[in-house]
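Structural overview
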Amino acid sequence: MAYTIGVDVGGTKVLGGVVDESGTVVKTARRDTPREGGSALTQAIADVAKELMAEFTIDSVGVSAAGFVSSDRKTMLATPNIAGWNGVDLDYQVTSLIGLPVVIENDANAAAWGEARFGAGRGKRHMLMLTVGTGIGGGIVVNGELYRGAFGIAAEIGHIRVVPEGHLCGCGARGCFEQYGSGNALMRHAREAIAASPDIARNLLARGDGTLEGLTGKAITDAARDGDAVALAAFNTTAQWLGAGIASLAVVLDPECVVIGGGVIDAGEILLKPTREALERSMPFAGKHPYPEIIGAQLGNEAGLVGVADLARL
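Just so it is clear, the structure is predicted and the values come from calculations on it, not from any experiment.

All right, on to the overall build of the protein then. Counting its regular elements, the protein contains 10 helices and 12 strands. For 314 residues, the compact-globule estimate of 2.2 N^0.38 gives 20 Å, and the C-alpha radius of gyration of the protein, at 20 Å, lies within 12% of that figure. Going through the 314 residues of the protein one by one, you find that 50% of them count as buried. Expressed as a percentage of contacts within the protein between residues at least 6 apart in sequence, the contacts between residues at least 24 apart total 60%. Per element, the accessible surface of the protein, about 13900 Å² overall, is 51% carbon and sulfur.

Turning our eyes to something else, we now look at unusual backbone geometry. Positioned with a positive phi, Ala155 is a non-glycine residue whose angle comes to about 70 degrees. Residue placement: Ala155 occurs in the loop between strand 10 (145-146) and helix 4 (178-181). The phi torsion at Phe285 lies on the positive side, around 55 degrees, for a residue other than glycine. Within the secondary structure, Phe285 is located in the loop between helix 9 (269-282) and strand 12 (293-296). Residue Phe285 is classed as exposed on the basis of its relative accessible area of 65%.

Spatially, 3-2-1-4-7 is the arrangement adopted by the five strands of the open sheet, whose pairing is mixed. Each of the sheet's edge strands pairs with one partner strand only, and the pair in question is strand 3 (25-32) and strand 7 (102-106). Between one strand axis and the next, the sheet turns by 20 degrees as a mean value, whatever way the strands run. Bridge count between strand 2 (residues 13-19) and strand 3: seven bridges; the pairing is antiparallel. Looking across to strand 3, one finds that Val14 is bridged to Arg31.

Along a regular strand, successive side chains alternate from one face of the sheet to the other. By the bridge criterion, four bridges tie strand 11 (residues 257-261) to strand 12 in an arrangement that is parallel. Each residue of the ladder has a partner; that of Val258, found in strand 12, is Ile294.

Once that is clear, we can look at the environment of Ala206. Its location among the elements puts Ala206 in helix 6 (residues 202-206). For Ala206, a relative accessible area of 58% puts it in the exposed group. Separated by 13 residues in sequence, Ala206 and Ala219 have C-alpha atoms that sit 9.3 Å apart.

All right, on to helix 10 (residues 303-312) then. With respect to burial, helix 10 is a largely interior element, 10 of its 10 residues being buried. What helix 10 keeps buried is the set Ala303, Gly304, Leu305, Val306, Gly307, Val308, Ala309, Asp310, Leu311 and Ala312.

Another aspect to go through is the pattern of salt bridges. Tallied over the entire structure, the rule returns 15 salt bridges. For Glu192, the salt bridge identified is with Arg188, shortest N-O distance 3.6 Å. Taken together, the positions of Glu192 and Arg188, both in helix 5 (residues 183-196) and four residues apart, correspond to about one turn of that helix. Among the residues examined, Glu192 registers a relative accessible area of 44% and is labelled partly exposed. In the salt-bridge network here, residues are joined through shared partners; they are Arg117, Asp310 and Arg313.

Positionally, Thr131 belongs in strand 8 (residues 127-132). Thr131 sits in the buried class, given a relative accessible area of 18%. When sequence neighbours within four positions are dropped, the list of residues in contact with Thr131 reads Ala108, Ala111, Ile136, Gly137, Gly138, Gly261 and Gly262.

Inspection of the entire model under this criterion finds two aromatic pairs. Ring geometry for Tyr3 versus Phe56: centroids 5.3 Å apart, planes at 70 degrees, classification edge-to-face. Residue Tyr3 is found in strand 1 (residues 3-9), and its partner Phe56 is found in the loop between helix 1 (38-53) and strand 4 (58-65); the two are separated by 53 residues along the sequence. For the ring pair Tyr180 and Trp241, a centre distance of 4.7 Å and an interplane angle of 40 degrees mean the geometry is tilted. Taken together, the residues span a long stretch of sequence, with Tyr180 in helix 4 and Trp241 in helix 8 (residues 229-253) at a distance of 61 residues. The exposure class assigned to Trp241 is partly exposed, which follows from its relative accessible area of 28%.

Attention now moves to a nonpolar patch on the surface. A contiguous nonpolar patch, built from Phe68, Leu77, Phe151 and Ile153 and spanning about 380 Å² of accessible area, is present on the exposed surface. Structurally, Ile153 is set in the loop between strand 10 and helix 4. A residue is classified by how much of its surface remains accessible, and Ile153, at 36% relative accessible area, is partly exposed.

Glancing now at the sheet that holds strand 10. Within the open sheet, the five strands sit side by side as 10-9-8-11-12. Their pairing is mixed. Each edge of the sheet is formed by a strand with only one pairing partner; in this case those strands are strand 10 and strand 12. Both strand 8 and strand 9 (residues 136-142) contribute to a ladder of six bridges, which runs antiparallel. Counted as the bridge partner of Thr131 is Gly137 from strand 9. Lying on the sheet, helix 9 is in contact with strand 11 and strand 12; it crosses strand 12 at an angle near 165 degrees.

Calculation notes
- Residues numbered from 1 in each chain as written.
- Predicted model: local features only at pLDDT ≥ 70, side-chain atom pairs only at ≥ 80, totals over all residues.
- Heavy atoms only, no water.
- Helix = DSSP H or I, 4+ residues; strand = E, 2+ residues; numbered from the N terminus.
- Rg over C-alpha atoms; globule rule 2.2 N^0.38 Å.
- Buried < 20%, exposed > 50% of the residue type's maximum accessible area, 1.4 Å probe, protein only.
- Contact = heavy atoms within 4.5 Å.
- Areas by Shrake-Rupley, 256 points an atom, 1.4 Å probe, with all protein chains shown as cover.
- Pairing = 2+ DSSP bridges.
- Axes fitted to C-alpha atoms, helices over the stretch in contact; angles between N-to-C directions.
- Salt bridge = Lys/Arg side-chain N within 4 Å of Asp/Glu carboxyl O.
- Phe/Tyr/Trp six-rings, centres within 6.5 Å; stacked < 30°, edge-to-face > 60°.
- Patch = residues over 30% accessible without salt bridge, like charges linked within 9 Å, V, L, I, M, F, W, Y side chains within 5 Å.

Now the structure itself:
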């Protein structure tokens, strides 16, 4: 059995795993993500990899992180949420520390590949994935291969502009998709509904500290499961944006399925059902062609490390 290591760099942790050829994670290791980023973060990746290499014979290592990755999968071109990594040849730096070949991949691309190979998209040749969390990430599989584009930065789906001069996005543009269909957008939709009708929101606010500021995504999800009207309305608003966005993407990419992952998918059908309904309402030439299936991701938090470990062996 050939083993590779996948290392997924997140905002709070660097999670590594030894992955076999069937996509099974047989051992994990983790470090806290250094706030200063840069060389400290690169060292944390190397430390995780070396801990796992001490127990297994490893062929190669893959590293996934949020940001733009060069088409040769060696350089982090831009990392909006990681300090000290812009323009860094991460392949060279990590290889120098661990002595093994390294492949670098965008985190959403890695998650999409993990789902395509071993999760919800198995058996599908044409798949689109949306990772719905703080923002919206994306990954595209075309004819069984991960599509990266000419410069390696394809599938930044969250930054398609859907509302001219809409909410300001962290990318610097206004009206981006992730400002309306992400986990952060879900929070804003809930807070706007509460501000408009505070009397009907007591139950929802009571799940936190009683204030808008104390409201969490988990509280909204739990309340929606219990039938809370405000929480369900927030999910429905988010789903309308997701369904409409997927409809536009579907007529460009024509995928067999759209896999939705990320933290918001914990809500399951509370999010997926209204998203499917919104897709049907928003689809151009409705009823005249097949629609992609919208399904929930299966690999959870391990999708990125599983995917990038598999990409490292290709």
